[in-house]
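Here is how the chains run, residue by residue.
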2 protein chains.
Amino acid sequence: MLRNDIPVYVQVRDQLWQWIQEQQLDSQARLPAERELASRFNTTRVTVRQALGQLEAEGIIFRSNRRGWYITPQRLIYDPSLDIGFYNTVTEQGFTPSTETLSKRLIEAPSWLADISGMAEGAPIYHILRRRSVDLRCVVVEHNYINPRGCPGLLDQDTDLSIWLLLREQYDLVPGKRNIEIFPQALTGVEAEALGVNSGSAGLYMQRLTLDKSGAFLEYDREYWIHDALKVAVQVNNN
Amino acid sequence: MLRNDIPVYVQVRDQLWQWIQEQQLDSQARLPAERELASRFNTTRVTVRQALGQLEAEGIIFRSNRRGWYITPQRLIYDPSLDIGFYNTVTEQGFTPSTETLSKRLIEAPSWLADISGMAEGAPIYHILRRRSVDLRCVVVEHNYINPRGCPGLLDQDTDLSIWLLLREQYDLVPGKRNIEIFPQALTGVEAEALGVNSGSAGLYMQRLTLDKSGAFLEYDREYWIHDALKVAVQVNNN
DNA sequence: GCTATTTACTGGTATATACCAATATAAATA
DNA sequence: TATTTATATTGGTATATACCAGTAAATAGC
């Protein structure tokens, strides 16, 4: 069975992948324990973990802290150029969203935020920190920084749903230009902890700077996504 | 020095990161050998490699096959919504680009490409496969699928530079609507091999479907990026 | 001075083993 | 029945060791 010219962990990876397909395991189904797999493939746990790590990198499986390995759900398709909102995006694709507001308060703009937003350093800005899940799996931690001008009392509202919906329906604020940045980045520190993953896990960072129709600063947000949870889809029309 | 409540590999990771900053190592500078680091931190190579793997995930360092670990260069800032092209993007940011055309030929559109492009299955389509580097480091492998209508003889041109430049200047083709998809994905198979990285390395997948002004299929491309090589920046204006 | 060969070194893979920390389950207790 | 406690199981971390494969440097030969 074992070939000499192909590393064992690659063979385990591929056989495991084939086995997953044959079993037609459901999303979030649990894999056998590492020790069980090690004996089944007649190798050690170290090598099995190397194979599991590869399947994790490919987005086939994910780990839940000391509970086991599970089949990764389908990626959420997400368009950061629109203001549809997380809740609608998730439900429209047949998943169940949930949001926890971890903190919301009025802060004084630090220098980095002043630079980005064009506001004065120390100016009042709403800061909202939320953790959002798809089918009970935490997928993103999100920092929202919102210009309070035009939306007084925002923090008294329920922020477990869409902020964009609030801004549009309650305050009549609509976005104009957006500046989006996206790149892969490991999850560390508070973000990793909030998402319940190991520090150093693969992630996707996405930030958005949104101005209103008149070009004034409206909102800036930083999102830390689990690497296998989403597919970014943007429609662009360059004239 | 060693604390009991923090994992050794985390301490090694953080001390190594601190050391890198203190040394003010240049981009692409080489780190000491793993065995050297292991003895310096008084631990084993396995643990050192765990720490190195974390710094790699964070984009601090990268590995070159059996040659060693190096400091990661700054990310390339890249706007896939424009047709500035790789060459100009890289040079404008002070780096040195290079491109190798690995293959270019006329193929018959397979069903998946027909579905995406709206062309008939089996219809002729140009396929160009290129590998592109920044400062001699391979960063992306790119598949271009181009509608030959409007650009006959494209394959006879030099494709080591910008294809968009060719399309615009030689054939007067300009892009209209774009549909972009981006998500983290491990590099495997031919892409990993072409980039000279291990199968299963972290990467970023990006695809673009571009239509011309009249809405006809112009180009579709699939790009496989090294995870630490770029930052995607998109400007959007939603009206 | 150049080329080909050898040698040393590097990261890559693999085994065996051990203990820890968090979780889930089973058993005991109220 | 509900709650608490003990136990088993799971993944997480760590050491020690060995050999392999590709790269780079040193050496020998011309």
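Structure first, text after, so check above.
Residues numbered from 1 in each chain as written. Chains lettered and ligands numbered in written order. Predicted model: local features only at pLDDT ≥ 70, side-chain atom pairs only at ≥ 80, totals over all residues. Heavy atoms only, no water.

Q: I would appreciate a short explanation of the interface of chain B and chain A in the present structure.
A: You'll often see interface size given as the accessible area lost when the parts meet. The partner chain A presents 34 residues to the 34 residues of chain B that form the contact. Contact between chain B and chain A buries roughly 3100 Å² in total, counting both sides, with carbon and sulfur atoms accounting for 48%. The tally of links between chain B and chain A comes to 2 salt bridges. Two residues, Glu181(A) and Lys231(B), come together in a salt bridge whose shortest N-O distance is 3.7 Å. One can count 12 residue pairs in polar contact (both at pLDDT 80 or more) joining chain B with chain A. At the level of secondary structure, the elements contributing two or more residues to the side of chain B that touches chain A comprise α3 (45-57), β7 (175-184) and β10 (230-237) of chain B. Top contributing element to the side of chain B that touches chain A by residue count: β7(B), with 10 residues. (Contact = heavy atoms within 4.5 Å. Buried area = accessible area lost by both parts, 1.4 Å probe. Salt bridge = Lys/Arg side-chain N within 4 Å of Asp/Glu carboxyl O. Polar contact = N/O pair within 3.5 Å; in protein donor to acceptor, adjacent residues only side chain to side chain. Helix = DSSP H or I, 4+ residues; strand = E, 2+ residues; numbered from the N terminus.)

Q: How should I be thinking about the sheet that holds strand β3 (residues 76-78) of chain A in this particular structure?
A: What holds strands together in a sheet is hydrogen bonding between their backbones, with the strands either parallel or antiparallel. Strand order in this open sheet of 8 strands is β3(A)-β10(A)-β7(B)-β8(B)-β9(B)-β6(B)-β5(B)-β4(B), and the pairing throughout is mixed. Edge positions in the sheet fall to β3 of chain A together with β4 (97-108) of chain B, since each has one partner strand and no second. The mean inter-strand angle of the sheet, taken between neighbouring strand axes irrespective of direction, is 15°. As judged from the 6 bridges shared by strand β10 (residues 230-237) of chain A and β7(B), these two strands associate in the antiparallel manner. Note on β7(B): the bridge partner recorded for Val232(A) is Ile182(B). (Pairing = 2+ DSSP bridges. Axes fitted to C-alpha atoms, helices over the stretch in contact; angles between N-to-C directions.)

Q: Would you explain the protein's contact with DNA strand C in this entry?
A: The full set close to DNA strand C counts 23 residues, and Val8(A), Thr43(A), Arg67(A), Arg49(B) and Arg66(B) are the nearest of them. By atom count, sugar and phosphate contribute 67% of the portion of DNA strand C lying within 4 Å of the protein. With respect to DNA strand C, the side chain of Arg66(A) contributes an N or O atom lying 3.2 Å from a base nitrogen. At 2.8 Å, a side-chain N or O of Arg35(B) approaches a base nitrogen of DNA strand C. (Near = heavy atom within 4 Å.)

Q: I'm lost on the protein's contact with DNA strand D in this one. Help?
A: In the region of DNA strand D, 23 residues are neighbours, and Arg49(A), Arg66(A), Val8(B), Thr43(B) and Arg67(B) sit closest. When the atoms of DNA strand D within 4 Å of the protein are sorted by group, sugar and phosphate make up 68%. The side chain of Arg63(A) places a nitrogen or oxygen atom 3.3 Å from a phosphate oxygen of DNA strand D. Note that a phosphate oxygen of DNA strand D is positioned 2.8 Å from one of the side-chain N or O atoms of Arg67(B). Take the surface near DNA strand D: its biggest share by element is 4 residues, from α3(B). Per-class residue counts for the surface near DNA strand D are 6 nonpolar, 6 polar and 11 charged. (Nonpolar A, V, L, I, M, F, W, Y, C, P; charged D, E, K, R; others polar.)

Q: Help me understand the packing of aromatic side chains in this model?
A: Any pair of aromatic rings gets described here by the distance separating the centres and the angle formed by the planes. Applying the stated criterion across every chain, the model contains 16 aromatic pairs over all chains. Taking the centre distance of 5.2 Å and the plane angle of 55° together, the rings of Tyr78(A) and Trp225(A) count as tilted. Of this pair, Tyr78(A) sits in strand β3 while Trp225(A) sits in strand β9 (residues 217-226), and the two are 147 residues apart along the sequence. Relative accessible area serves as the criterion here: at 7%, Tyr78(A) is assigned to the buried category. Overall, Trp225(A) belongs to the buried group, its relative accessible area being 1%. Arranged with centres 5.1 Å apart and planes meeting at 55°, the rings of Tyr205(B) and Tyr224(B) form a pair that is tilted. Of this pair, Tyr205(B) sits in strand β8 (residues 203-212) while Tyr224(B) sits in strand β9 (residues 217-226), and the two are 19 residues apart along the sequence. For the pair Tyr205(B) and Tyr224(B), a shared accessibility class is recorded, and that class is buried. (Phe/Tyr/Trp six-rings, centres within 6.5 Å; stacked < 30°, edge-to-face > 60°. Buried < 20%, exposed > 50% of the residue type's maximum accessible area, 1.4 Å probe, protein only.)

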